[in-house]
Amino acid sequence: MSVKGCCFSAAFLVASACCTAQTVDAVAVSGGSAVESPAKPSRGTPPAGQAGDPFWAAVAPRKECRAKLEVRSGSNMPFVEAEVNGVKCNLLLDTGATHTTFDLSFVKKNMPDAELVPVMLMADSNVEGAPRYMRVGSMKIGEAEFSDFGAMALDISHLHSSIGAKVDGILGMSTLGRVPILFSLGSAEMVFVPGKEVLDGFGPLIKRSLSDPMSILLPVELGGHSFEILVDSGSSMTFLSRDTGWPTTGEEANIPAVDINGSVGIKPFVGEKGVLPVGGGIEITPIVVSEPTNRIGSNVLKAYDMLVAGRFVCFRPSKTR
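Residues numbered from 1 in each chain as written. Predicted model: local features only at pLDDT ≥ 70, side-chain atom pairs only at ≥ 80, totals over all residues. Heavy atoms only, no water.

### Focus on the pattern of salt bridges
And then number 1: This structure, assessed with the given rule, holds seven salt bridges.
And then number 2: In this structure, the salt-bridge partner of aspartate 168 is lysine 166, at a minimum N-O distance of 3.7 Å.
And then number 3: Owing to a relative accessible area of 6%, aspartate 168 belongs among the buried residues under this scheme.
And then number 4: With relative accessibility at 52%, the residue lysine 166 sits in the exposed group.
And then number 5: Here aspartate 232 ties to arginine 295 by a salt bridge, and the two come within 2.3 Å at their closest N and O atoms. Note that aspartate 232 is positioned in the loop between strand E19 (225–231) and strand E20 (239–241) and arginine 295 in strand E28 (residues 295–296), a separation of 63 residues in sequence. When sorted by exposure, aspartate 232 lands in the same class as arginine 295, which is buried. (Salt bridge = Lys/Arg side-chain N within 4 Å of Asp/Glu carboxyl O. Buried < 20%, exposed > 50% of the residue type's maximum accessible area, 1.4 Å probe, protein only. Helix = DSSP H or I, 4+ residues; strand = E, 2+ residues; numbered from the N terminus.)

### Focus on a nonpolar patch on the surface
And then number 1: Among the surface-exposed residues, Leu199, Leu205 and Phe312 lie close enough to one another that they form a single nonpolar patch of about 270 Å² accessible area.
And then number 2: Along the chain, leucine 205 turns up in the loop between strand E16 (189–192) and strand E17 (206–207). (Patch = residues over 30% accessible without salt bridge, like charges linked within 9 Å, V, L, I, M, F, W, Y side chains within 5 Å. Areas by Shrake-Rupley, 256 points an atom, 1.4 Å probe, with all protein chains shown as cover.)

### Observations concerning the packing of aromatic side chains
And then number 1: Per the stated rule, a full pass over the model turns up four aromatic pairs.
And then number 2: Relative to phenylalanine 149, the ring of phenylalanine 146 lies with its centre 6.4 Å away and its plane at 65 degrees, an arrangement referred to as edge-to-face. The pair formed by phenylalanine 146 and phenylalanine 149 is uniform in burial state, with each residue classed as buried.
And then number 3: An angle of 70 degrees between the planes, with centres 5.8 Å apart, marks the rings of phenylalanine 146 and phenylalanine 192 as edge-to-face. Here phenylalanine 146 is found in strand E13 (residues 144–154), whereas its partner phenylalanine 192 is found in strand E16, with 46 residues between them in sequence. The residues phenylalanine 146 and phenylalanine 192 share a single accessibility class, namely buried.
And then number 4: Pairwise contacts between aromatic rings join Phe146, Phe149 and Phe192 into one cluster.
And then number 5: The positively charged end of arginine 72 is found above the aromatic ring belonging to phenylalanine 79, 4.4 Å away from the centroid. (Phe/Tyr/Trp six-rings, centres within 6.5 Å; stacked < 30°, edge-to-face > 60°. Lys NZ or Arg CZ within 6 Å of the ring centre and 35° of its normal.)

### Points about unusual backbone geometry
And then number 1: Residues other than glycine seldom take positive phi values, yet aspartate 148 does so here, at roughly 45 degrees.
And then number 2: The exposure class of aspartate 148 is buried, given its relative accessible area of 7%.
And then number 3: Unlike most non-glycine residues, alanine 188 shows phi in positive territory, near 55 degrees.
And then number 4: Among the structural elements, alanine 188 can be located in the loop between strand E15 (181–184) and E16.

### A short note on the confidence of the model for the protein
And then number 1: This prediction gives the protein a mean pLDDT of 78; 75% of its residues lie at or above 70.
And then number 2: When mean pLDDT is compared element by element in the protein, strand E25 (residues 274–276) scores highest at 97, while strand E2 (residues 29–30) scores lowest at 24.
And then number 3: Counted against residues more than four places away or in other chains, residues 1–51, with its pLDDT under 50, gives 162 contacts.
And then number 4: Between residues 258–263, whose pLDDT stays under 50, and residues either more than four places distant or in other chains, the model counts 29 contacts. (pLDDT = per-residue confidence, 0-100. Contact = heavy atoms within 4.5 Å.)

### Remarks on the sheet that holds E15
And then number 1: The six strands lie next to each other as E5-E16-E15-E29-E30-E17, forming an open sheet whose pairing is antiparallel. Each of the sheet's edge strands pairs with one partner strand only, and the pair in question is strand E5 (65–68) and E17.
And then number 2: Where E17 and strand E30 (residues 312–317) come together, two bridges link them in antiparallel fashion. The residue of E30 that forms the bridge with lysine 207 is phenylalanine 312. (Pairing = 2+ DSSP bridges.)

So, in structure tokens, the structure goes:
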């Protein structure tokens with residue numbers, strides 16, 4: 001299986017690991033588009049339009065469904081209580097993760113019969129673990145239900161201490177992106193809104209970049225610089241690369257960071273407060289780093305509601321702002 005851009009972001013700041021994978025007897029995926037069907041589907045047959053997608057869900061929300069979030073004070077990171085195969089678990093809501101992933105120990109304990117398909121990482125991946133593909137029987141998130149869907153299993157136990165909370169898994173866009181969804185960190189709620197327009201008070205529609213269809217990547221034009229920025233609720237802070245030209249205060253930011261393998265080092269500076277020209281404009285005070293990473297983190301997202309529907313995204317100020 002080839003999965004492009006399996007990004008996990010967690011802990012207090014950046015935890016982003018691009019997992020590019022390939023294996024046989026599974027499903028080949030390139031940039032989120034399936035090119036080969038499973039050799040041995042576990043159950044059922046994907047509907048038309050999802051054939052060959054290893055992460056399709058036989059059942060996904062078809063009416064408005066709400067789920068409460070727990071937004072941690074300090075880190076602003078959102079968590080949701082879910083029920084997977086009848087077992088309650090705590091998931092990090094991570095719009096920067098392209099794929100839903102469960103901690104390997106949680107899977108072995110609670111889904112002992114799950115078939116784990118080994119994934120071979122490609123040379124440009126920075127993931128040191130051994131991710132595996134699996135299918136999940138059922139998952140309930142508030143009023144929303146999913147069944148028979150694809151996910152990844154990986155040892156993410158180090159995130160427990162980094163985040164300071166139990167993390168049974170990461171709820172990523174392979175699951176969240178199935179239907180239109182409204183995220184409101186300020187109101188501590190997300191709402192699945194299939195077939196319903198919820199555009200009151202929202203700014204202009206923003207067409208997502210297709211460079212990675214499974215991520216919420218937004219195009220930005222800023223002072224002669226063109227770049228993409230990832231909407232990443234799994235990052236507690238907002239980051240911009242120096243290459244974007246965003247001005248800094250000159251003050252170094254002493255911050256920890258962790259990725260899917262553990263602690264990593266970054267060279268951060270405090271950025272000037274300003275407006276990012278996305279949609280109707282988003283106020284940010286980013287951390288500016290030398291690494292090529294641009295992401296809108298949960299410290300900014302808590303001030304806005306975000307509606308994601310297919311290729312389009314729009315924002316409005318949160319009522320709690």
